[in-house]
Amino acid sequence: MPKNISETKKKLDIIKRVCTACKADCCKMGGAEFTKSEMQKVVSAGHLSHFRKISEDHYETATHDGVCAYLGKDNLCSIHSLRPKMCKGWPVHLDFKDGKKIYLLMSCPLTSYLSEKEINVMKKQMSGYTEEVLFCNGTKMNAEETKKVVAKYEKYKMKILD
């Protein structure tokens, strides 16, 4: 992770360049999962609430055709400094097989800019999610929207992380 302000600015510049070039495809794969405290930070900062309550400590962003409500027309996240751990963890993706956690590294354009240390931090950020939260199907997308999102997700090549 960046150690000083200039390193942080450099990382943010890379993220901005890479994410706008790929049109922030990861932000177009359904609503992001937020805890109650993550959601409250966004709303307390003055952003409009685009959340659906799934359970007491589980909220999901509303989407249209799978696009996150906080993604700007410039393909940048309007709540980047407040984004949930799910978004902070990308391109590490948590999945489950036979009830066990599996961490996948997605072939996102950002992946080549990440150090092993940064990938491990992302794994840790994703580790708090349960299978119930990730696959609760709280999404209110119709069948056609869901089909589009799944097709976007499946285009990524994935590498299993240890």
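Residues numbered from 1 in each chain as written. Predicted model: local features only at pLDDT ≥ 70, side-chain atom pairs only at ≥ 80, totals over all residues. Heavy atoms only, no water.

### Let's talk about the sheet that holds strand β1 (residues 33–34)
Taken in spatial order, the three strands of this open sheet run β1-β3-β2, and their pairing is antiparallel. Edge positions in the open sheet fall to β1 and β2 (51–55), since each of these has one partner strand only. Where β1 lies against strand β3 (residues 58–61), two bridges are found, and the strand directions are antiparallel. Within β3, the residue paired with E33 across the bridge is E60. (Pairing = 2+ DSSP bridges. Helix = DSSP H or I, 4+ residues; strand = E, 2+ residues; numbered from the N terminus.)

### Some details on the side chain of T35
Looking at the element boundaries, T35 is found in the loop between β1 and α2 (36–44). Once residues lying within four places of it in the same chain are set aside, the contact partners of T35 are D57 and Y59. (Contact = heavy atoms within 4.5 Å.)

### Side note on helix α4 (residues 116–126)
Among the residues making up α4, those that are buried are E118, I119, M122, K123 and M126. Axial view of α4: buried residues confined to an arc of 145 degrees, hence all on one face. Every exposed residue of α4 that faces more than 90 degrees away from the buried side is listed here: K117 and K124. (Buried < 20%, exposed > 50% of the residue type's maximum accessible area, 1.4 Å probe, protein only. Arc of directions from axis to C-beta.)

### Some thoughts on the pattern of salt bridges
Counted according to the given criterion, the structure contains four salt bridges. A salt bridge links E56 to K53; its shortest N-O distance comes to 3.4 Å. Each of K36, K53 and E56 takes part in one network of salt bridges that share partners. (Salt bridge = Lys/Arg side-chain N within 4 Å of Asp/Glu carboxyl O.)

### Thoughts on the pairing of strand β7 (residues 100–106)
Here six bridges tie strand β6 (residues 92–97) to β7, and the two strands are oriented antiparallel to one another. Each bridged residue has a counterpart across the sheet, and for K97 the counterpart in β7 is K100. The turn linking β6 back onto β7 is made up of two residues, and D98 within it adopts a positive phi angle of 55 degrees.

### Structural notes on α2
When α2 is considered as a whole, its buried residues turn out to be E38, M39 and V42. Each buried residue of α2 sits inside an arc of 100 degrees when the element is viewed along its axis, so together they form one side. Exposed side chains of α2 directed beyond 90 degrees from the buried face belong to K41 and S44.

### With respect to the nonpolar core
Of all hydrophobic cores here, the largest spans 21 residues; its most connected members are F34, F51 and V92. Looking at this core, the elements that each hand over two or more residues are α2, β6, β7 and α4. Setting aside residues up to four positions removed in sequence, F34 forms contacts with M39, V42, F51, D57, H58, Y59, T61, I79, L82 and P84. Residues I14, V18, W90 and L104 belong to the second largest nonpolar core, which totals eight residues. (Core = buried A, V, L, I, M, F, W, Y, C linked by side-chain atoms within 4.5 Å.)

Just geometry here; none of it tells us what the structure is for.
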